[in-house]
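Structure assessment
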Amino acid sequence: MGCFVLLFALISPRLAIIFTWIFSDTLSRAYDSWWLPFLGFFLLPWTTLAYAWMYVNGTNEVTGFEWFIVGVAFLFDLTSLFGGSRSALNR
């Protein structure tokens, strides 16, 4: 199942969040409430997924190199949010 979610994450991180939420308990184990993944779905989907996966695959906390992965996902989110507006300004 993990390979399919990873494939969906490459296509659309929001689709991967939906499949992770439906077919596993990863989001409920990583986040205490429902509203943070809900906000992450709309604002920072890559970061939401990376944090949940690093939390569950590690020792039920995010430490060390796992924070690097979450940081890279955050950079992906920032470039997807602000990269499109920059290319529209260059026209």
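Here is a short report on the structure shown in this document. (Residues numbered from 1 in each chain as written. Predicted model: local features only at pLDDT ≥ 70, side-chain atom pairs only at ≥ 80, totals over all residues. Heavy atoms only, no water.)

1. Structural notes on the packing of aromatic side chains
Selection criterion: Between the rings of Phe, Tyr and Trp (Trp by its six-membered ring), a pair exists once the centres lie within 6.5 Å; its type follows the angle of the planes, with under 30 degrees stacked, over 60 edge-to-face, and the other angles tilted. Strands are runs of DSSP state E lasting at least 2 residues, helices are runs of H or I lasting at least 4, and numbering of each runs from the N terminus. Per-residue accessibility, obtained with a 1.4 Å probe over protein chains only, is compared with the maximum for each type, and a residue is labelled buried under 20%, exposed over 50%, and partly exposed between these values.
For the structure shown, the criterion picks out nine aromatic pairs. Ring geometry for Phe19 versus Phe23: centroids 5.8 Å apart, planes at 20 degrees, classification stacked. Of this pair, Phe19 and Phe23 both sit in helix 2 (residues 13–23), four residues apart, roughly one helical turn. According to the relative accessible area criterion, Phe19 is partly exposed, its value standing at 23%.

2. Details of a nonpolar patch on the surface
Which entries qualify depends on this criterion: Think of a patch as exposed residues, more than 30% relative accessible area, with no salt bridge, where like charges cluster within 9 Å and nonpolar side chains (Val, Leu, Ile, Met, Phe, Trp, Tyr) cluster within 5 Å. Here the accessible surface of atoms and residues is derived via Shrake-Rupley with a 1.4 Å probe, and residues count as covered only by protein chains that are part of the display. Salt bridges are identified by distance alone: a Lys or Arg side-chain nitrogen within 4 Å of an Asp or Glu carboxyl oxygen.
Together, Trp34, Trp35, Leu36, Phe38, Leu39, Phe42 and Leu43 make up an exposed nonpolar region whose accessible area comes to about 800 Å². The residue Leu43 is located in the loop between helix 4 (35–42) and helix 5 (45–57) in this model. Given the relative accessible area of 52%, Leu43 is considered exposed.

3. Thoughts on the side chain of Glu66
Rules: We score Asp and Glu as negative and Lys and Arg as positive, and we do not count His or the chain ends. Only heavy atoms matter for contacts: two residues are in contact if any of them lie within 4.5 Å across the pair.
Within the secondary structure layout, Glu66 lies in helix 6 (residues 65–89). No salt bridge is formed by the buried Glu66; the nearest opposite charge belongs to Arg29, separated by 11 Å. Ignoring anything within four residues of it in the chain, the contact list for Glu66 reads Met54, Gly58 and Glu61.

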